[in-house]
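Chain and residue survey
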Amino acid sequence: MTEFMQIVDPEPIRFLDDEGNLAPSATASEYAAELEHLGEAELREWYRDMVATRAFDTECTHLQRQGQLALWVPSVGQEGCQVGLAHALEPQDHVFPAYREHLVARVRGVSFIDVAKQFRGLTHGGWDVTDPANGNFHLYTLVLGAQTQHATGHALGQLLDAKRRAGTTTMDAGEPGTETGEATMVFYGDGTSSQGDANEAMVFAASYQTPEVFVVQNNRWAISVPVERQSRTPLYRRGLGFGLRSVQIDGNDPLAAYAVGRRFLREARTGGGPGYIEALTYRIGAHTTADDPTRYREDDELAAWQRRDPIARLEGYLRSLGTTDDFFEEVRATADVEAKQVRDQILTAPKPTADSMFAHVYAEPHPRIEEQSAWLERYESSFEEGAAE
């Protein structure tokens, strides 16, 4: 019987322990320089982003339970990797999210109200990606894995644009990467890692050395399927198999996410090719508000991960730097006010007009759209009082 080669996986990259003490893993030393410029002020901003997002997240869950949102996708427990990676991005970089990256949206400039509008059915898209105020943050994607191909296609465009500027058109097999000055980051979960789209995207990324970083938020559960059912080996090895620079990080450690994300993004921009980050985290709440995690998860497992809360972890580190109670109290109070403002705004936001569903299907007028719009108008008018039967 043939024996499988035994591979010893390195310890996940970590700077903070579960209590927020600075306790770097042996694997973290390579990335320590990425944190040298960070100070207490920057980390306070991160903490504010995390607390504000959780308050917003909680408010939206309440709204859905009250029938005011059709659905909500919580991100509670995953704020650590999101805040680090979001702040590792440069303004010119592009982000392709799944549907749980509320904190990344905030950091890039997308308002919470625009995120919430999607789940109330007030928009057919979300926000204007071409508006610089939205930080090149692309639209949420409910079709699992689709964003991986969108991101790789965009990153390939970044590569081709850079080649054109350099006066070359070569795309030979095996040629080194090209410096682009910008990168693309794509987010998805452990469940999506089993989708064909995600794996096909990595084939193209590796083949053409796109300036791209794949981020897999391994929150342990693809709805009710545990990650152990999906893969008998750590997910970061999949990236290695495609020839991507791949690591595993403690996804509840914001410092680890920032350090590795910053390094990988810089290498992508300077022609180093694509990278793959598996962030080990946990979905504290339900997959969505249509899910009941108590039917498939043990209470002990949930409690263990709640003790590793990324917000509490960063708070512990900030306290060790000298941050006092006044700051934490102010942040929590401000987050509560902001979340309630979103609630008031979403409940009073105007409904979209029927015409809006046709507005952005084609760039130019199209007879099929005109035909459908006319049909809808006739259909709606048939309900008017006195309309002919």
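The preceding data block contains the structure.
Reference entry: report on the structure contained in this document.

The subject of this paragraph is a nonpolar patch on the surface. A cluster of nonpolar residues, Leu160, Met171, Val203, Phe204 and Tyr208, forms a patch on the protein surface that exposes about 400 Å² of accessible area. If you tally residues by element for the nonpolar patch, the top one is helix H6 (residues 196-208), at 3 residues. As for its placement among the helices and strands, Phe204 is situated in helix H6. Under the relative-accessibility criterion, Phe204 is labelled partly exposed at 46%.

In space, the 5 strands of this open sheet follow the order S1-S2-S3-S7-S6, with parallel pairing throughout. Each of the sheet's edge strands pairs with one partner strand only, and the pair in question is strand S1 (94-96) and strand S6 (245-250). Neighbour-to-neighbour, the strand axes of the sheet open up by a mean angle of 20°, direction not taken into account. Sheet strands in contact with helix H2 (residues 79-88) are strand S2 (184-189), strand S3 (212-218) and strand S7 (275-280), and its direction is about 165° off that of S3.

Right, let's get into the pattern of salt bridges. Under the definition given, this model contains 28 salt bridges. The partner of Asp18 in a salt bridge is Arg313, and the shortest N-O contact between them spans 3.1 Å. Residue Asp18 is located in the segment before helix H1 (40-65), and its partner Arg313 is located in helix H11 (residues 310-321); the two are separated by 295 residues in the primary sequence. We classify Arg313 as buried; its relative accessible area is 0%. Among the ionic pairs, Glu371 bridges to Arg368, the shortest N-O distance being 2.9 Å. With Glu371 and Arg368 both in helix H13 (residues 367-381), this residue pair falls 3 residues apart, about one helical turn.

This brings us to the packing of aromatic side chains. The geometry of two aromatic rings is summed up by the distance between their centres and the angle between their planes. Counted by the stated rule, this structure contains 15 aromatic pairs. Their ring planes at 80° and their centres at 5.1 Å tell us that Tyr47 and Phe328 sit as a pair that is edge-to-face. Of this pair, Tyr47 sits in helix H1 while Phe328 sits in helix H12 (residues 325-348); the two residues are 281 residues apart in sequence, bridging distant segments of the chain. The exposure class of Phe328 is buried, given its relative accessible area of 0%.

Within S6, 5 of the 6 residues are buried, which leaves it mostly tucked inside the rest of the structure. In this region the chain leaves S6, passes through helix H9 (residues 254-269) and returns to the parallel neighbour S7; the handedness of that crossover is right-handed.

A few words on the nonpolar core. Counting residues in hydrophobic clusters, the biggest one holds 71 residues, and the most contacted among them are Ile13, Phe15, Tyr47, Val115 and Leu255. Look past the residues within four positions of Tyr47 in its chain and what remains in contact with it is Ile311, Leu314, Glu315, Leu318, Phe327, Phe328, Val331 and Arg332. Judged by nonpolar contacts, the second largest core, of 16 residues, contains Val186, Met202, Phe214 and Leu244.

This paragraph deals with the packing of H1 against H12. Between two packed helices, both the angle of their axes relative to each other and the distance between the axes serve to describe the pair. The interhelical angle for the contact between H1 and H12, taken along N-to-C directions, is 40°, at an axis separation of 8 Å. Put simply, H1 runs oblique to H12. Of the two possible hands of crossing, H1 and H12 adopt the one that is right-handed. Class assignment for the residues of the contact of H1 with H12 results in 14 nonpolar, 1 polar and 9 charged.

So, on to H6. When the terminal C-alpha atoms of H6 are compared, their 19 Å separation across 13 residues agrees well with the 18 Å that a helix rising 1.5 Å per residue should span. Of the surrounding secondary structure, the elements contacted by the buried residues of H6 are helix H5 (146-166), S2, S3, helix H8 (236-241) and S7. Just downstream of H6 lies Gln209, where phi reads positive at about 55°.

Here the focus is the side chain of Asn252. Relative to the elements of secondary structure, Asn252 occurs in the loop between S6 and H9. Polar side-chain contacts of Asn252 include one of 3.0 Å to the backbone oxygen of Arg308. Each residue touching Asn252, except ones within four places of it in the same chain, is listed here: Gly77, Leu280, Thr281, Tyr282, Trp305, Arg308, Pro310 and Arg313.

Positioned with a positive phi, Gln209 is a non-glycine residue whose angle comes to about 55°. Mapped onto the secondary structure, Gln209 falls in the loop between H6 and S3. A positive phi angle is found at Ile223, which is not glycine, with a value near 55°. Within the secondary structure, Ile223 sits in the loop between strand S4 (221-222) and strand S5 (225-226).

Rules used in this analysis
- Residues numbered from 1 in each chain as written.
- Predicted model: local features only at pLDDT ≥ 70, side-chain atom pairs only at ≥ 80, totals over all residues.
- Heavy atoms only, no water.
- Patch = residues over 30% accessible without salt bridge, like charges linked within 9 Å, V, L, I, M, F, W, Y side chains within 5 Å.
- Areas by Shrake-Rupley, 256 points an atom, 1.4 Å probe, with all protein chains shown as cover.
- Salt bridge = Lys/Arg side-chain N within 4 Å of Asp/Glu carboxyl O.
- Helix = DSSP H or I, 4+ residues; strand = E, 2+ residues; numbered from the N terminus.
- Buried < 20%, exposed > 50% of the residue type's maximum accessible area, 1.4 Å probe, protein only.
- Pairing = 2+ DSSP bridges.
- Axes fitted to C-alpha atoms, helices over the stretch in contact; angles between N-to-C directions.
- Contact = heavy atoms within 4.5 Å.
- Phe/Tyr/Trp six-rings, centres within 6.5 Å; stacked < 30°, edge-to-face > 60°.
- Right-handed = clockwise from strand over helix to strand, strands pointing away.
- Core = buried A, V, L, I, M, F, W, Y, C linked by side-chain atoms within 4.5 Å.
- Parallel < 35°, antiparallel > 145°, perpendicular 65-115°, else oblique.
- Left-handed = near helix turned anticlockwise from the far one by under 90°.
- Nonpolar A, V, L, I, M, F, W, Y, C, P; charged D, E, K, R; others polar.
- Expected span 1.5 Å × (residues − 1).
- Polar contact = N/O pair within 3.5 Å; in protein donor to acceptor, adjacent residues only side chain to side chain.

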